[in-house]
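Per-entry structural report
Chain by chain, the residues run as shown.
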Amino acid sequence: MEKNTGYHVAVVGATGAVGEQMLKMLEDRQFPLKSLKVLASARSAGQKVTFRGEELTVEEATPDAFEGVQIALFSAGGSVSKKLAPEAAKRGAVCIDNTSAFRMDPEVPLVVPEVNPEAMKQHKGIIANPNCSTIQMVAALQPLREKYGMERIIVSTYQAVSGAGAKAIQELEDQTRAVINGEEVKKEIMPVGSLPKHHQIAFNAIPQIDVFLENGFTNEEMKMTRETKKIFGDENIAVSATCVRIPVVKGHSEAVYVEFQNDFEIDEVRSLLEQAPGVVVVDNPQEQEYPLALDAADKIEVFVGRLRRDLDHPRGLHLWIVSDNLLKGAAWNAVQIAEELVKSGLIEEK
Ligand code: A2P
């Protein structure tokens, strides 16, 4: 695809669950594109994807495929990013990487545009997109942290299977059908593809996302801890997480408890959240209105509700935070970073 004005963009992992949404976001946001390359593994080369009504041919992601590319959106797994993002950067592209490959690299900014947009100015060719659960949490907490200061966060997540990729969505659908039809349930993907033992996700809740570490937390839980500290630029903030996979296709939900440094008023919290960019407050318990994964699916905002003061801690607040993990949690945050790069003049039109 070639146009006269705009930017040369590539999407790596374009056939995957997040890659597909990256294409949708570029389309929905009318991102100024001069050209768009859709890249995936050799297995998919030659396949077609539709973009703005045009058929684009998937190419194999190789170092040379990045020749002339100005912005490369990566979501093809950590090993692909490790290998190809430096190659793309060497060829002049700014890589926005949705994997965990570079997130904790001190040379790589980890960016949520509502929280730390200034960090992206320091980039050296790679900008990391945080973990999905982290993005929605920090986007909602930022206005409260700015106002009251934040000492600690305790979060429990209820995460959708799409976070584990297209194969995980398929497994949930297949298992659900098998249970309803009284057939044998095949367990091949969840909780983590490469482990020898798997559990049924249909009609279940699995308290494991990614592998366990020596401290008893999972890698997903530690991502929330480390990434939150890095994005907030605050090593002293205490963050502990319990991450749970549930049989939902799209939309992560989070029960979040925070302790502030200073006193707060619930009404003021509500109004700060109502004014926050990218945040929508849905908090009307009398009418049974609160954020729901099904309502958040296919939307780019972060939804917040169930606001209530802790029963014992005077500076403790409980909230329920929901967002589409493939959009704000991945594809939208990445495209939003690309929009910010363009807006702030960090990339010139060719
Ligand atoms: P492919 O469809 O060719 O395997 P998901 O997270 O939904 O599983 O998607 C993973 C994405 O990453 C897919 O687009 C997949 O392409 C892509 N991918 C996987 N391995 C590679 C690789 N070695 N090089 C480039 N893209 C890859």
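The structure presented is a predicted model; accordingly, all values stated were derived computationally and were not measured.

Cut-offs used in this document
Residues numbered from 1 in each chain as written. Predicted model: local features only at pLDDT ≥ 70, side-chain atom pairs only at ≥ 80, totals over all residues. Heavy atoms only, no water. Helix = DSSP H or I, 4+ residues; strand = E, 2+ residues; numbered from the N terminus. Expected span 1.5 Å × (residues − 1). Buried < 20%, exposed > 50% of the residue type's maximum accessible area, 1.4 Å probe, protein only. Contact = heavy atoms within 4.5 Å. Domains from an automatic or database assignment. Buried area = accessible area lost by both parts, 1.4 Å probe. Salt bridge = Lys/Arg side-chain N within 4 Å of Asp/Glu carboxyl O. Polar contact = N/O pair within 3.5 Å; in protein donor to acceptor, adjacent residues only side chain to side chain.

1. Thoughts on helix H1 (residues 17-28)
Counted at 1.5 Å a residue, the expected span for H1 with its 12 residues is 16 Å, and the 17 Å between its end C-alpha atoms agrees. Taken together, the buried positions of H1 are occupied by Ala17, Val18, Gly19, Gln21, Met22, Leu23, Met25 and Leu26. Against strand E1 (7-12), strand E2 (33-40), strand E3 (48-51), strand E6 (71-74), helix H4 (166-180) and helix H8 (327-343) lie the buried residues of H1. Positive phi appears at Gln30, one or two residues downstream of H1, with a value of about 50 degrees.

2. Some details on unusual backbone geometry
Residue Pro191 is bonded to the preceding Met190 through a cis peptide linkage, with omega at 5 degrees. Following the sequence through the fold, Pro191 ends up in the loop between H4 and helix H5 (219-232). Positive phi, normally seen in glycine, also occurs at Asp210, with a value near 75 degrees. Phi is positive for Gln288, close to 55 degrees, though the residue is something other than glycine.

3. A closer look at the domain arrangement of the protein
As a measure of interface size, the accessible area lost when the parts come together is often cited. On domain assignment, one finds that the protein holds domain 1 (7-130 + 330-343) and domain 2 (134-325). Just the C-alpha atoms count here: the centres of domain 1 and domain 2 sit 25 Å apart. With 19 residues of domain 1 at the contact, the number on the domain 2 side is 17 residues. Taken together, both faces of the contact between domain 1 and domain 2 bury some 1,600 Å²; the carbon and sulfur share is 68%. On the domain 1 side of the interface with domain 2, the three residues burying the most area are Met104, Glu114 and Val115, jointly 32% of the side's total. Across the domain 1-domain 2 interface, the total number found is one salt bridge. Glu227 is paired through a salt bridge with Arg103; the nearest N and O atoms lie 3.0 Å apart. One can count five residue pairs in polar contact (both at pLDDT 80 or more) joining domain 1 with domain 2. Contributing elements (two or more residues each) for the side of domain 1 that touches domain 2: H1 and H8. Tallying contributions element by element places H8 first for the side of domain 1 that touches domain 2, with three residues.

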